[in-house]
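These are the residues of each chain, in order.
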Amino acid sequence: MTDTILIINGPNLDMLGTRQPEVYGHDTLADVEALCQRTAEDEGVAIDFRQSDSETEIMSWIKQGRGVTAGLILNPAGFTSTSIAILDALLIYDLPIIEVHISPLFRRDEFRQLSYPSKAASAKIEGCGIRGYEFALRKLAEWARG
Ligand code: DHK
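All values reported here derive from a predicted model rather than from experimental measurement.

Asker: So what exactly am I meant to see when it comes to the overall build of the protein here?
Answerer: The secondary structure content of the protein amounts to five helices and five strands. N-terminal to C-terminal, the α/β element order of the protein is β-α-α-β-α-β-α-β-β-α. Taking 2.2 N^0.38 as the reference for a compact globule, 146 residues should give roughly 15 Å; the C-alpha atoms of the protein span a radius of gyration of 14 Å, in line with that estimate. Overall, the C-alpha framework of the protein stretches about 40 × 30 × 25 Å when taken along its three principal axes. Counting all 146 residues of the protein, 45% fall into the buried class.

What follows is the structure in structure tokens.
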């Protein structure tokens, strides 16, 4: 059994740190990766950390992760409320998935409330800032250990 947790970040998350810091904070995507790397080392797992603006690429990564990773952290970002195709890829993935959002979607725009990925997720963390990735990684590591 692999001990690699796949972490996929959706569109515009490459701009963390400069993008609406009042909503997403000042940490960059490199800071998120460093936090995940430290957490992974602490938990004794490996990570495969990625970002893409492409729905096609995200679907491919999810499907390629099937059977060769132990779990998935997904921040679907702007695809959250639009992509049935990503939901279908997540249903194919067939391993534990935690959906993460940096901001508290529950008190943001109405159009952000619908999440297709949630229908395939085991858990969802939102509004904890980038620490949400750490919490998700610790939970997936716990599940991977059985
Ligand atoms: C990130 C985005 O890019 C938005 O499209 C989502 C999410 C919220 C976040 O909070 O991480 O609506």
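The structure having been displayed, the exposition proceeds.
Asker: Before we go on, may I ask you to explain the nonpolar core in this structure?
Answerer: Soluble globular proteins tend to pack their nonpolar side chains together in the buried interior. Grouped together as the largest cluster of nonpolar side chains are 25 residues, with contacts concentrated most on Ile-5, Ile-7, Val-32, Cys-36, Ile-73, Tyr-133 and Leu-137. Counting residues per element, the ones that place at least two in this core are β1 (4-9), α2 (29-43), β2 (46-51), β4 (97-101) and α5 (131-145). For Ile-5, the contacting residues outside a window of four places in its chain are Val-45, Ala-46, Ile-47, Asp-48, Ala-70, Gly-71, Ile-73, Leu-137 and Leu-140.

Asker: Sorry, what's going on with the packing of aromatic side chains here?
Answerer: Think of a pair of aromatic rings as described by two things: how far the centres are apart, and how the planes are tilted against each other in angle. Considering all chains together, one arrives at zero aromatic pairs under this definition. Note that Arg-19 overlies the ring of Tyr-24, its terminal NZ or CZ placed 4.2 Å from the centroid. Here Arg-50 stacks its cationic end above the ring of Trp-61, 5.0 Å away from the centre of that ring.

Asker: Could you clarify how one ought to interpret the layout of surface pockets in this entry?
Answerer: The gaps of empty space that remain are located by a probe, the size of a water molecule, rolled over the atoms. Estimates place the volume of the largest pocket at around 260 Å³. Every residue lining the largest pocket is counted, 16 residues in all, and those nearest its centre are Ala-77, Gly-78, Thr-80, Leu-105 and Arg-112. Residue composition of the lining of the largest pocket, grouped by class: seven nonpolar, six polar and three charged.

Asker: Could you clarify how one ought to interpret the site of the ligand in this entry?
Answerer: Close contacts around the ligand come from Arg-19, Tyr-24, Asn-75, Ala-77, Gly-78, His-101, Ile-102, Ser-103, Leu-105, Arg-108 and Arg-112, and that covers them all. At a separation of 2.9 Å, an oxygen atom of the ligand approaches a polar side-chain atom of Asn-75. Ser-103 is positioned such that a nitrogen or oxygen atom in its side chain is 2.6 Å from an oxygen atom of the ligand. Computed on the free molecule, the ligand has an accessible area of 320 Å², of which 95% lies beneath the protein chains in the complex. Spatially, the ligand is embedded in the largest pocket. Of the residues in the shell around the ligand, the class split is four nonpolar, four polar and three charged.

Asker: What is the right way to read the sheet that holds strand β5 (residues 123-126) from this model?
Answerer: Hydrogen bonds along the backbone pair up the strands of a sheet, which may run parallel or antiparallel. Strand order in the open sheet formed by five strands is β2-β1-β3-β4-β5, and the pairing between neighbours is parallel. In the strand order of this sheet, the two ends are held by β2 and β5, each with one partner. Across the sheet, the mean angle separating the axes of adjacent strands is 15° when strand polarity is ignored. One ladder, built from six bridges, connects β1 with β2; its direction is parallel. Within β2, the residue paired with Asn-9 across the bridge is Gln-51. Packed onto the sheet, α2 meets β1 and β2 and runs at close to 165° relative to β2. Where helix α3 (residues 55-65) meets the sheet, its contacts fall on β1, β2 and β3 (71-75), and the angle it forms with β1 comes to roughly 170°.

Asker: In this structure, what is going on with unusual backbone geometry? I would like to understand it.
Answerer: Although it is not a glycine, Gln-20 sits at a positive phi angle of roughly 35°. A residue is classified by how much of its surface remains accessible, and Gln-20, at 38% relative accessible area, is partly exposed. Of note, the phi angle at Asp-94 is positive, near 65°, even though the residue is not glycine. With respect to the secondary-structure elements, Asp-94 resides in the loop between α4 (84-93) and β4. Judged by its relative accessible area of 56%, Asp-94 is exposed.

Parameters and conventions
Residues numbered from 1 in each chain as written. Predicted model: local features only at pLDDT ≥ 70, side-chain atom pairs only at ≥ 80, totals over all residues. Heavy atoms only, no water. Helix = DSSP H or I, 4+ residues; strand = E, 2+ residues; numbered from the N terminus. Rg over C-alpha atoms; globule rule 2.2 N^0.38 Å. Buried < 20%, exposed > 50% of the residue type's maximum accessible area, 1.4 Å probe, protein only. Core = buried A, V, L, I, M, F, W, Y, C linked by side-chain atoms within 4.5 Å. Contact = heavy atoms within 4.5 Å. Phe/Tyr/Trp six-rings, centres within 6.5 Å; stacked < 30°, edge-to-face > 60°. Lys NZ or Arg CZ within 6 Å of the ring centre and 35° of its normal. 1 Å grid on protein atoms, 1.4 Å probe; cavity = no way out; pocket = protein on both sides within 12 Å on 5 of 7 lines; lining within 4 Å. Points joined across faces, edges and corners; volume = space filled by probe spheres on them. Nonpolar A, V, L, I, M, F, W, Y, C, P; charged D, E, K, R; others polar. Near = heavy atom within 4 Å. Polar contact = N/O pair within 3.5 Å; in protein donor to acceptor, adjacent residues only side chain to side chain. Areas by Shrake-Rupley, 256 points an atom, 1.4 Å probe, with all protein chains shown as cover. Sits in = over half its atoms within 2 Å of the grid points. Pairing = 2+ DSSP bridges. Axes fitted to C-alpha atoms, helices over the stretch in contact; angles between N-to-C directions.

Functional significance is not addressed by these values, which are geometric in nature.
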